[in-house]
Amino acid sequence: MKQWTREERYRVLQSPEEIRDLYEKIRSSVYRQTYHVQPMTGLSSDPNGFALHQGTWHLCYQWCPWGAVHGLKYWYHVTSPDLIHWENAGIGLRPDRDYDNRGNHSGSGISVGDRLVFYYTGNHRDENWVRTPYTCAAVLNADGKLEKLDAPLFGPRDDYSEHQRDPKVVWNGEKQKYYIFIGAQTADGRGCVLVYESAEPLSGWRFAGQLKVPGYETFGGMWECPYIVNISGKDVLIFSPQYTRLPGRAESTNHNVYLIGRMDYDTLTFTPEGPYRFLDFGFDFYAAQGAANVDDPDKAILIAWIGLPDNHYPTEEEDWEGSMTLPRELRIRDGRLLQTPISGIEALRGAQIVPDGTLPGACELEIEIPGGGDFDLNLFTKADGSGGLTMHYDAGKRICTFDKRGMDKRFNENVGAVLELPLDHALNTMRIFIDRSSCEYFLNDGEATFTTHCFPTDRESGYVISDGAKLQIWPMNASVTDEFVI
């Protein structure tokens with residue numbers, strides 16, 4: 001594995017030609033995705049600026065162009081008419097101001113009239129490498145030009161640690177105010193959310209206070225990517241607690257969870273109605289962000305990074321890494337979030353194929369599981385049916401156990417190679433989306449999900465499934481352009 005110097009990681013991209021050869025090399029990788037957003041070169045991580053604006057969906061992702069390494073971050077911009085087909089639009093934000101001289105870090109977007117406004121963390125470092133995080137904004141005008149504000153909206157509070165980032169903007173119609181939720185850490189190392197408010201999107205911001213979440217005062221050491229949305233009259237708080245181990249998550253210290261409850265903007269209190277739950281149970285799922293301007297009171301739309309901070313993946317050797325999940329529709333049923341693939345994804349299906357024990361590189365599986373008994377599904381097995389990414393469902397316990405130790409390419413085993421997914425109801429259906437180097441499971445019409453990277457070798461193209469299950473397989477057509485656009 002290459003050892004990157006600080007100078008290499010924080011090098012400024014001066015010309016597209018500096019990465020063209022890298023782009024051409026990466027295009028030949030057998031692990032390049034077909035219908036998921038992925039980096040043109042280098043590293044993609046957190047989704048940013050996710051919003052519907054004048055009929056077009058906009059999404060950015062944190063991007064380090066030089067290789068699979070966290071360094072100088074840009075926002076790379078992609079657009080879509082339908083959340084299924086995506087086109088590269090080039091760099092959205094670049095670190096070209098003093099207040100973001102070491103990177104444009106995570107944030108959000110919102111449509112305001114004929115403008116799309118991006119909010120982000122400007123990562124500033126001085127000559128001694130001391131970091132100052134600023135909350136900044138940029139505007140995509142009607143002419144398609146993106147313009148940064150001359151100065152940050154506001155700087156960090158000195159009564160909290162330097163970890164203050166990931167502004168998520170929300171418009172509250174009842175209060176007629178914008179709110180920015182900032183992922184933060186208290187001075188004594190506890191995760192929290194800071195709240196700012198303003199009647200205007202680009203001025204007048206004032207600190208309103210720290211979000212109170214009763215029962216979660218000492219939950220994790222940093223809360224990244226906070227997000228509050230109302231679905232069917234219930235408020236949902238989604239965030240990514242760091243620097244903590246949670247039951248059922250092996251040795252990972254980075255998580256994505258949600259709470260359902262009630263948000264009181266007068267007292268800045270989110271009162272949970274039940275315990276926290278994992279947003280996804282997989283090995284590789286983080287930094288989930290909801291889309292702004294979704295005009296439907298009964299659902300939200302969410303996307304996440306297939307990856308985890310500090311983890312390493314086999315494509316590092318090819319100088320690229322990461323992708324986004326499929327966009328997901330969120331609804332609430334019986335006090336839980338349901339997550340289903342974005343409506344219309346079926347349009348990518350090719351002609352249905354007869355199951356013959358082999359998997360196309362990019363495909364969708366639909367499975368019906370009758371009888372309510374134990375069930376096994378092993379993907380990416382060898383010719384003799386051995387190995388692979390295995391899933392065993394214990395009907396008595398209603399627990400699915402996923403085990404990736406049978407894969408040829410093994411990675412991040414120090415974090416965990418076996419994880420459990422508990423279900424409230426007996427397992428009866430599954431939809432699985434496989435795309436070259438990722439796998440997303442949707443169980444029981446969205447009751448639970450499991451997302452993981454996987455890098456099958458040439459000899460890992462089979463599957464083994466329990467008798468009696470009804471399996472349908474469709475190859476999936478490409479829906480994401482991979483053109484060289486800077």
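The structure this text deals with has already been given above.
All residue numbers refer to position in the chain's written sequence, counted from 1. Two thresholds apply to this predicted model, a pLDDT of at least 70 for residue-level local features and 80 or more for giving and counting side-chain atom pairs, whereas whole-chain, interface and lining totals are computed over all residues. Just so you know, side-chain values use all the structure's heavy atoms and leave hydrogens and water out.

1. Focus: the packing of aromatic side chains
Spelled out, the test is: Paired rings are identified among Phe, Tyr and Trp, the last through its six-membered ring, by centres lying within 6.5 Å, and are further divided according to the angle between planes into stacked (under 30 degrees), edge-to-face (over 60) and tilted (the rest). Only DSSP runs of H or I reaching four residues or more are called helices, and only runs of E reaching two or more are called strands; each is numbered from the N terminus. A simple rule labels every residue: compare its accessible area, found with a 1.4 Å probe on the protein chains alone, to the largest value its type can have, and call it buried under 20%, exposed over 50%, or partly exposed in between. Geometrically, a charge over a ring is one whose NZ (Lys) or CZ (Arg) sits within 6 Å of the ring centre while staying within 35 degrees of the ring normal.
Applying the stated rule across the entire model yields 28 aromatic pairs. Each ring, one from Tyr-119 and one from Trp-205, has its centre 6.3 Å from the other, and the planes form 80°; the classification is edge-to-face. Here Trp-205 lies in the loop between strand 11 (191-198) and strand 12 (206-210) and Tyr-119 lies in strand 6 (residues 115-125), a separation of 86 residues in the sequence. There is no split in this pair, since Tyr-119 and Trp-205 are both buried. Taken together, Tyr-216, Phe-219, Trp-223, Phe-239, Tyr-276, Phe-278 and Phe-281 form an aromatic cluster joined through their ring pairs. One cation-aromatic arrangement involves Arg-32 over Trp-320; the distance from NZ or CZ to the ring centre is 4.6 Å. Positioned above the aromatic ring of Phe-207, the side-chain terminus of Arg-157 is 3.9 Å from the ring centre.

2. Topic: the sheet that holds strand 27 (residues 399-406)
Within a sheet, neighbouring strands are paired by backbone hydrogen bonds and run either parallel or antiparallel to one another. What counts here: By the convention used here, strands pair only if DSSP detects at least 2 bridges between them. In this analysis, axes come from line fits to C-alpha atoms, helices being fitted only over the stretch in contact, and the angle between any two N-to-C directions falls in the range 0 to 180 degrees.
Judged by pairing direction, the sheet is antiparallel, and its 5 strands sit side by side in the order 28-27-26-25-32 without closing on themselves. Taken across any chain shown, the strands that pair with only one partner, and hence form the sheet edges, are strand 28 (418-422) and strand 32 (462-465). Taken pair by pair, the neighbouring strands of this sheet meet at an average axis angle of 10°, ignoring direction. Pairing between strand 25 (residues 375-381) and strand 32: 4 bridges, direction antiparallel. Looking at strand 32, one finds that Leu-379 is bridged to Tyr-463.

3. A closer look at helix 2 (residues 17-26)
Each turn of an α-helix holds 3.6 residues, which means side chains three or four residues apart point in the same direction. What counts here: The directions considered for the arc run from the helix axis to the C-beta atoms. The contact definition used throughout considers only heavy atoms, calling two residues in contact when any of these lie within 4.5 Å.
Looking at helix 2, one finds that the buried residues are Ile-19, Leu-22, Tyr-23 and Ile-26. Buried residues of helix 2, seen end-on, are gathered within an arc of 105° and therefore sit on one face of the element. Those residues of helix 2 that are buried are in contact with strand 1 (42-53), strand 2 (56-64) and strand 20 (320-321).

4. Quick word on the environment of Arg-27
Following the sequence through the fold, Arg-27 ends up in the loop between helix 2 and strand 1. Here the alpha-carbon distance between Arg-27 and Phe-442, two residues 415 residues apart in the chain, equals 29 Å. The residues touching Arg-27, leaving out its near neighbours within four places in the chain, are Arg-32 and Asp-482.

5. Points about the nonpolar core
Note the following rule: The criterion is simple. A nonpolar core is a set of buried Ala, Val, Leu, Ile, Met, Phe, Trp, Tyr and Cys residues joined through side-chain atoms within 4.5 Å.
Among the nonpolar cores identified, the biggest contains 55 residues, and Leu-379, Leu-427, Met-430, Ile-432 and Tyr-441 are the most heavily contacted of them. The dominant element in this core, judged by the number of residues it contributes, is strand 25, at 4 residues. Met-430 has contacts with Leu-365, Glu-366, Ile-367, Ile-369, Phe-375, Leu-377, Met-391, Tyr-441, Phe-442 and Leu-443, leaving out every residue within four places of it along the chain. Tyr-10, Trp-57, Ile-303 and Trp-320 belong to the second-largest nonpolar core, a separate cluster that totals 50 residues.

6. Quick look at the side chain of Lys-148
Note the threshold: Counting of polar contacts relies on pairs of N or O atoms within 3.5 Å, with two restrictions inside protein: one atom must be capable of donating a hydrogen and the other of accepting it, and residues adjacent in sequence are counted only when both atoms are side-chain atoms.
Along the polypeptide, Lys-148 turns up in strand 8 (residues 146-148). Among the polar contacts made by the side chain of Lys-148, one reaches the main-chain carbonyl oxygen of Arg-94 at a distance of 2.4 Å. Within the local environment of Lys-148, its side chain forms a polar contact with the side chain of Asp-100, the two groups lying 2.5 Å apart. Excluding its chain neighbours within four sequence positions, the residues that come into contact with Lys-148 are Leu-93, Arg-94, Pro-95, Asp-96, Arg-97, Tyr-99, Asp-100, Asn-104, Tyr-120, Ala-137 and Ala-138.

7. Points about the environment of Thr-79
Assignment of secondary structure puts Thr-79 in strand 3 (residues 74-80). Along the primary structure Thr-79 and Ala-89 are separated by 10 residues, whereas in three dimensions their C-alpha atoms are 6.7 Å apart. In contact with Thr-79, not counting residues within four places along its chain, are Thr-56, Trp-57, His-58, His-85, Trp-86, Glu-87 and Ala-89.

8. Quick word on the pattern of salt bridges
Quick reminder of the rule: Salt bridge, as used here, is a side-chain nitrogen of Lys or Arg placed within 4 Å of a carboxyl oxygen of Asp or Glu.
Enumeration over the complete set of coordinates arrives at 32 salt bridges. Of the charged contacts, one joins Lys-2 and Glu-8 as a salt bridge, the two residues approaching to 3.5 Å between their closest N and O atoms. Taking the shortest distance from any N to any O, the salt bridge between Lys-148 and Asp-96 comes out at 2.8 Å. Linking Lys-148 in strand 8 with Asp-96 in the loop between strand 4 (87-93) and strand 5 (104-112), this pair joins segments that are 52 residues apart in sequence. By relative accessible area, Asp-96 is classed as partly exposed at 45%.

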